[in-house]
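# Architecture at a glance
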Amino acid sequence: MTDSSQETATILFTDLEGSTDLRTRVGDAAAHEVIRLHESLIRSQVAGGGGIEAKALGDGFMILFQSARQALACAVAIQRAIEEHNRNEPSKAFKVRIGINTGEVTREGGDVYGAAVNAGARVCAKAQGGQILISQLVKDLAEFTPDIRVVDRGLYWLKGFPQRWRLFEVLWRERAQSEEPVEPVRMTRVRTDVAELPRAQGPIVGRSVELAAITEEIERSLTGCLRVLAIEGEAGIGKTRLLEAAAESAASKGFALLQVAADEDLRGPFFLFRALFQTASAESIAQEASALEALDRARAALSGRDEHHEGLTPQEQRLHVFDEVTVAVRSLAQERPLALLLDDLQWADEDSLRLLRYLARTVASSSIFTLFTIRAATDASAGSVMHLVADLDRMHLCKRVRLPRFTRAESGGLLQNLLGAPVSAQALGTLHSRAEGVPFFIEEFARAYRQTRVLQLIGGTWTMTQLSGPAVPASVASLIDRRLSQLDKEVRNVLADAAVLGKRFRVSDLVHVASSIGDRQLDSLQIEEMFEPAVAVGLIAQLPEEVPHDYVFTHEQIRATLDGSQTRQRRRRVHAAIAEMLAGQGEDVGNLSALAHHALRAGDDKLGVTCSIKAARKTLESHAPEESVRIVDAARASAATPEDRAELLRLKDQALEVLERGEERAANLAEMAALASAVGDPLFEMEVKLRRAATARMNNDFDQATEVASQVRQAAIAQGEPGLELQACLELGQALTRSALGESFSPLTEVVIEPAEEPFQRAEELARELGDKRTLAAVLRELGVLDIGRAKHRAIEVMDGGARLMALFFDPEIRDHFSRAQKPITEALHIYEDLDDRRGAMSCLITLAYAHLTDFTRRGEAGRLEQIRRLRTNLKRMTTESERAIDEAHMLYSIHTFARSHLILDLAFDRGREGYEAARAIGDRWLEFLCAGGLALTHLLLGETAEASAWLANAGSAALATPGPMIARRLESWRGLYAAQAEDPMSAIEHFERAIDLAVENRSIAGRCEGLALLALEAAKLGELTGSDELLERAARAAEETRKVASALGTVSGDLAWEAQAWAASALVALKRGENDAAAEAAKSALVALSPRLMRAFHLDVQWIAGRVLIGGGAPEAADLRAGIGEMLFKLDNSMVDPGVKERWIKVPMNKELVGLAGYEGFTSAPGIGAAPAASLEEIEIEILRQLASGKNDSEIAQELDTDTEDVAHWFSSIFSKLQVDSKEAVTEYALTRGIV
Amino acid sequence: MIRVVIDRRRCVGAGTCIFVAPTVFRWREGDLLKPELVDPTTVEEDVIREAAATCPTNAILIEEVEEVTS
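Just so it is clear, the model here is predicted, and its values are computed rather than measured.

## Topic: the overall build of chain B
- For chain B, the count of helices and strands is 2 helices and 4 strands.
- Beginning at the N terminus, the succession of helices and strands in chain B can be written as β-α-β-β-α-β.
- Every one of the 70 residues in chain B was classed for burial, and the buried ones make up 64%.
- Considering only contacts within chain B whose residues lie at least 6 apart along the sequence, 54% involve residues at least 24 apart.
- Carbon and sulfur atoms make up 52% of the accessible area of chain B, which amounts to about 2,500 Å² in all.

## Some points on the overall build of chain A
- Check the secondary structure of chain A and you find 54 helices and 19 strands.
- Of the contacts made within chain A by residues no fewer than 6 positions apart, 69% connect residues no fewer than 24 positions apart.
- Looking at chain A as shown, the accessible area adds up to about 50,100 Å², and 50% of this sits on carbon and sulfur atoms.

## Quick word on the environment of A:L356
Residues and elements named next belong to chain A.
- Position of L356 relative to the elements: it lies in helix α13 (residues 350–362).
- Given a relative accessible area of 6%, L356 falls into the buried group.
- Each C-alpha atom, one on L356 and one on T326, is 9.4 Å from the other, the two residues being 30 residues apart in sequence.
- Filtering out sequence-adjacent residues up to four positions away, L356 remains in contact with F273, L342, L345, F372 and L388.

## Some points on helix α19 (residues 489–501) of chain A
Residue and element names in this part refer to chain A.
- Across its 13 residues, α19 extends 19 Å between first and last C-alpha, which sits within 8% of the 18 Å expected from 1.5 Å per residue.
- For α19, the set of buried residues is V491, V494, L495, A496, D497, A498, A499, V500 and L501.
- Between the side-chain oxygen of the N-cap and the backbone nitrogen of E490 there are 3.2 Å, and the N-cap of α19 in question is D488.

## Overview of the packing of helix α38 (residues 905–922) of chain A against helix α39 (residues 925–941) of chain A
Residue and element names in this part refer to chain A.
- Relative to each other, α38 and α39 sit at 155°, their axes nearing to 8 Å. It follows that α38 is roughly antiparallel to α39 by the angle criterion. Remark: the crossing between α38 and α39 carries left-handed chirality. When α38 is examined against α39, the residues L905, A908, F909, G912, R913, G915, Y916, A919 and R920 are found in contact with a partner set consisting of L927, E928, C931, A932, L935, T938, H939 and L941.
- In terms of residue class, the contact of α38 with α39 is built from 10 nonpolar, 4 polar and 3 charged.

## Here's the deal with the packing of aromatic side chains
- Taken as a whole and judged by the stated rule, the model has 12 aromatic pairs over all chains.
- Seen from their ring centres, A:F322 and A:Y358 are 5.2 Å apart, and the 55° between their planes marks the pair as tilted. Of the two residues, A:F322 is situated in helix α12 (residues 314–335) and A:Y358 in helix α13; the sequence distance between them amounts to 36 residues.
- When the ring of A:F531 is compared with that of A:Y551, the centres are 5.1 Å apart and the planes differ by 85°; the resulting orientation is edge-to-face. Within this pair, whereas A:F531 is found in helix α21 (residues 524–536), its partner A:Y551 is found in strand β19 (residues 551–553), the two being separated by 20 residues in sequence. The same class applies to A:F531 and to A:Y551, which are both buried.
- Ring-pair connections join several aromatic residues into one group, and the members of that group are A:F505, A:F531, A:Y551 and A:F553.
- The ring centre of A:W1063 lies 3.8 Å from the NZ or CZ of A:R1043, which sits over that ring.
- Note that B:R49 overlies the ring of A:W926, its terminal NZ or CZ placed 4.5 Å from the centroid.

## Considering the side chain of A:Q79
All names here are of chain A.
- For Q79, the position within the fold is in helix α3 (residues 68–88).
- For Q79, a relative accessible area of 2% translates into the label buried.
- With sequence-adjacent residues up to four places away left out, Q79 is seen in contact with V96, I98, G130, Q131, I132 and W172.

## Examining the sheet that holds strand β13 (residues 368–375) of chain A
Residue and element names in this part refer to chain A.
- Taking strand neighbours across the sheet as the criterion, the 5 strands line up as β11-β12-β13-β10-β14 in an open arrangement whose pairing is parallel. On the outer flanks of this sheet lie β11 (256–261) and β14 (398–402), each paired with one strand and no other. Direction aside, neighbouring strands of the sheet carry axes that sit 15° apart on average.
- Bridge count between strand β10 (residues 226–233) and β13: 8 bridges; the pairing is parallel. Bridge assignment links I231 to a residue of β13, and that residue is T373.

## Regarding the interface of chain A and chain B
- At the junction of the two partners, chain A supplies 61 residues and chain B supplies 46 residues.
- Buried area between chain A and chain B, summed over both chains or domains, comes out near 4,700 Å², and the portion from carbon and sulfur atoms is 54%.
- Our enumeration of links across chain A and chain B arrives at 2 salt bridges.
- Its salt-bridge partner being B:E50, residue A:R970 comes within 2.1 Å of it at the nearest N-O pair.
- At the boundary of chain A with chain B, the tally comes to 9 residue pairs in polar contact (both at pLDDT 80 or more).
- Among the elements that line the side of chain A that touches chain B, the one with the most residues is helix α37 (residues 881–901) of chain A, at 9 residues.
- When its residues are assigned to classes, the side of chain A that touches chain B shows 25 nonpolar, 17 polar and 19 charged.

## Here we look at the nonpolar core
- Core analysis: the largest hydrophobic core is formed by 121 residues, its most contacted members being A:F929, A:L1100, A:I1105, A:V1109, A:L1129, A:W1145 and B:F25.
- Per-element tally for this core: the top contributor is helix α43 (residues 1005–1026) of chain A, with 11 residues.
- The contacts of A:F929, once residues within four sequence positions are left out, are A:A955, A:A958, A:A959, A:I967, A:R970, A:L971 and A:W974.
- Judged by nonpolar contacts, the second largest core, of 64 residues, contains A:L428, A:A446, A:L484 and A:V500.

## So, unusual backbone geometry
- Positive phi, close to 60°, is recorded for A:H623, a residue that is not glycine.
- Under the relative-accessibility criterion, A:H623 is labelled buried at 8%.
- One non-glycine residue with positive phi stands out, namely B:N58, at about 50°.

## A closer look at the pattern of salt bridges
Residues and elements named next belong to chain A.
- Following the criterion strictly, the structure yields 71 salt bridges over all chains and no others.
- Residue E627 pairs with R630 through a salt bridge whose shortest N-O separation is 2.9 Å. Remark: R630 and E627 occur in helix α26 (residues 625–636); sequence separation between them is 3 residues, near one turn of the helix.
- Judged by relative accessible area, E627 falls into the buried class, the value being 2%.
- Here E990 ties to R994 by a salt bridge, and the two come within 3.2 Å at their closest N and O atoms. One end of the pair is E990 and the other is R994, both in helix α42 (residues 985–1001) and 4 residues apart, which spans about a single turn.
- With relative accessibility at 44%, the residue E990 sits in the partly exposed group.
- The partly exposed category is assigned to R994, whose relative accessible area is 35%.
- By sharing partners, the salt bridges in this structure join R617, E647, R650, D653, E657, R665, E687 and R691 into a single network.

## Points about the pairing of strand β6 (residues 132–135) of chain A
All names here are of chain A.
- Residues I132 and I134 point to one face of β6 and L133 and S135 to the other, with burial holding for every one of them.
- One ladder, built from 3 bridges, connects strand β4 (residues 96–108) with β6; its direction is parallel. Following the sheet pairing, I98 is matched in β6 by I132.

Definitions and cut-offs
Residues numbered from 1 in each chain as written. Chains lettered and ligands numbered in written order. Predicted model: local features only at pLDDT ≥ 70, side-chain atom pairs only at ≥ 80, totals over all residues. Heavy atoms only, no water. Helix = DSSP H or I, 4+ residues; strand = E, 2+ residues; numbered from the N terminus. Buried < 20%, exposed > 50% of the residue type's maximum accessible area, 1.4 Å probe, protein only. Contact = heavy atoms within 4.5 Å. Areas by Shrake-Rupley, 256 points an atom, 1.4 Å probe, with all protein chains shown as cover. Expected span 1.5 Å × (residues − 1). Polar contact = N/O pair within 3.5 Å; in protein donor to acceptor, adjacent residues only side chain to side chain. Axes fitted to C-alpha atoms, helices over the stretch in contact; angles between N-to-C directions. Parallel < 35°, antiparallel > 145°, perpendicular 65-115°, else oblique. Left-handed = near helix turned anticlockwise from the far one by under 90°. Nonpolar A, V, L, I, M, F, W, Y, C, P; charged D, E, K, R; others polar. Phe/Tyr/Trp six-rings, centres within 6.5 Å; stacked < 30°, edge-to-face > 60°. Lys NZ or Arg CZ within 6 Å of the ring centre and 35° of its normal. Pairing = 2+ DSSP bridges. Buried area = accessible area lost by both parts, 1.4 Å probe. Salt bridge = Lys/Arg side-chain N within 4 Å of Asp/Glu carboxyl O. Core = buried A, V, L, I, M, F, W, Y, C linked by side-chain atoms within 4.5 Å.

Now the structure itself:
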């Protein structure tokens, strides 16, 4: 062994495809010529590429390289040279497969050997003609080679090697086919986690529109938003192919890829999302984005392992799961944009679809590109997913692409790609029409025709040699049958068993099936080997290691054909074998669902039902009620005992409760009640009773609910069942307060506090005894609410006694009730915070806002919203800074809207401007648009056209960033209002008409009615001003039409201000025309239409017109109307605190006239106090004012501010001197009138 | 089709949703404390989103409508 040496080398193997049958195909002489051509072509490339020919193998070579890059470059050069040769001499065309590996080799004499060499040969054997496959090591070594792109083809067994090898395909065609300059691309690794191996090679044929849509959506998502592309189409149309193209495109733009496929036969709670989050890609993306914690939390939530949230209502738990997943997805998209590729979504579980819908709304501003492929089907299974897509489409988040069948030209392109040479017109015609333009069928037919030699390469063109090809079956199913029949019988049998299991399957399952019912024992290696020919012809494909299954049928049709070939009995036996295997594998929820599925299919009812019960329960615990209902329904027919039936019904009731399907629930409950008595379990009977009590309460039958809950409570006490007593007390308390737990912030006036309090007090004791923290928190909050009720009752008493509003602040009883209310609510808040329950904590915060004196301030309800806003900043523990910023922006806008609708214009300006800035800060252009528009409208209410115009311009520029049908309509309406205010009737009418047209286009009946009402009212006002008959006529017509549309909106008529506006317009027109009686009638109708349920303040113009007609005309209604307007003006006068804004308001001619009509004397700022602006007060002084106004005394304030009473007294004297007042009462009034509280 | 759900545990009855979309929301019969749903199909879905955005306590959730099966 003197000349033996070891070295590291890269080994390249080539193999001439089909060399053995080449001779039989073209004859010896021609075959020899092709082989010789092949040799010289490869040798010339090797010589120029730095390789050394180590061995000639007859129809292939072994070539050594010192560098992996050189080997890669040479392989690409070989393939390109062959391609060129094939183009020039199609009659002598051939294909070569290439495999490359790197490793230690031993040279001895002229020979080279070693494990790395063997592996290289095996890698080559896995390639198809025209393909270059490389091992992981080669890929890693060549990582930074410019102009080389590879695709991960998954894991393969290589003969003689104990572990699977990950192989990559080099995409050598790309550059040759594109003339684009080659950029120094980095190695792009495209994941094909779950997707099937592509069948056809080369670029995608046709589909240029769809590919453009993919590029467009990917780029749009890069601007920081969620985009969804839904690819719909029939089976075999090429959806998965496009998904892979999208994956490649997204990866090249730096996206992190997450890919998963839904499966018809694989089930479990949130199956799709759990599969998605379990991929190794999810793990590595999370690592990169420091989002492992969020990912783990989402995984835990999805599998119901979330201990933090026991005791929440099921709906809340579900939302919690949704929230956790949202946070995880957002976090994953933090570092790099994220591409979610969801294949076969028509099979996704309902719960995952709901989650997707939730996700789409909540992560709309993250850079996420989502692609769905959906098989369009006529059956109901795709119903939910089609709804989802339609909804996303309406939300402007989604683009839908429906893949059409191929045109003849496209079929030709595909065939040329597939066959490597053009196809004759006649052959194309036959293949295209037989396959009806469905790409998968085209491939199948082409394959069959070629195999049967009906299709032959003649003079460089694939030509039909027989007219009808009688040997070729007409249907695709028989084509597949035919392909399957070419497999070994045993292989076919194993595959048929696999087809029973699903589109994706595990080898280990098949091993078990074989040992249980097969003709001979098989181990997994044997099965893998058996499958090699099936993989080679593309019937099945291997899946990468990280996914739970090993193989997938490359097309559903293949599985269906195989499954159809099985007898019913054999299917049952396969299911029974799997069930038997799963039965020993523990009680994980996924396993249980699968076990239930297989046991039922195997006809083992007992096992099937037992497992279904367990699976449905665990699924419900995993917050997937839809899946739970599905499991129950699948098992019900097989349940033999009443106990099993009862349990299934109970589980279904729980699921239906979460899903809020009332009617189904009632039917289910009735059945349950009958069964409960049949089973003879008193506890279960009582449980059913409580469920029925809750249902009665929801139907507003409070007496019935009270009665039933009391009965259960007594029975529970009698039997010593504290848990049941607690449930009964809760139900009773809810029935007596007439509101569900957590829903009321201030009790209804008719609720009598004491009797309602008793069951809650007992519930508090029981919850403490039982250590049930979440129930305790809920009960404490209710007890606090009842104390708020006491304060409310007392306030009514005080005011009825004729006291001034201010007196409420100093009423010790009210203060006492409020401070007593705050204690349990605060305790509840802390419990919720400890439990990490954000919604519970939020609900407590809102309730706390009610336990303050804000109800009695001049701002009234607006003051309370402000209080909620302030309290919300206390939620620091559970919210992130960015979430708070988003929350705050929305809150500001909502207070703006509230204030504007109640004509509290100073507050509307402040919060509107703050909201606008906040929206800009968080980059929410949509909110920015709304805030700007709201401010424009606020200015218009003061007749300030210049400012309104500036804000409209801001709204317009924000609108450009978030175009949408509603936004366009809104802009037109606002511009119309602006033009009307600017006394430009032509422009106003034009804008309103455009708004109406857009509403019609958007199918927004409400929008149309609104547009018409605005047109009527503004045209009437302008007509009245200018005396233009034309305008008056336009107003009259629009008013008439408004009323028609409003009555078409029948269900809500009476509550629509538009009808009132239309009548007011008619009244004004009639008045101007001198038709006084008609005017009076219309004015009265306007007042009737202005129901007390509307925000009357906002419709001052209606009242102004009615007042002018009726008060001016001395109608009998005049006195009432005058009083009504006076009352409203008083409220406005009191709620606006900025004297400047009030002054501007009163300058508006309409408002001035209203004040005159009502004879209201007011609209001046309060004398004496308020001279000093709030700005001159220190922060702490303002805080002290707040504390004082909320009813606290000096020592309480000191405690709150963490100081002593001396300090507080010092600050008060400073406040007194700054405000030039001398009493706390006056200071309180200042705080209230300034809106500080 | 989307479904609008009012989370009554968060709704404080400010009524901004009714102001923004009076054909989608209205005050419940009997009491004027909290709104109920009328007909979400009378407006563009953006209007419902706007109503949800104006809710001071985020009490309006947008969800899927079940297909009515006979």
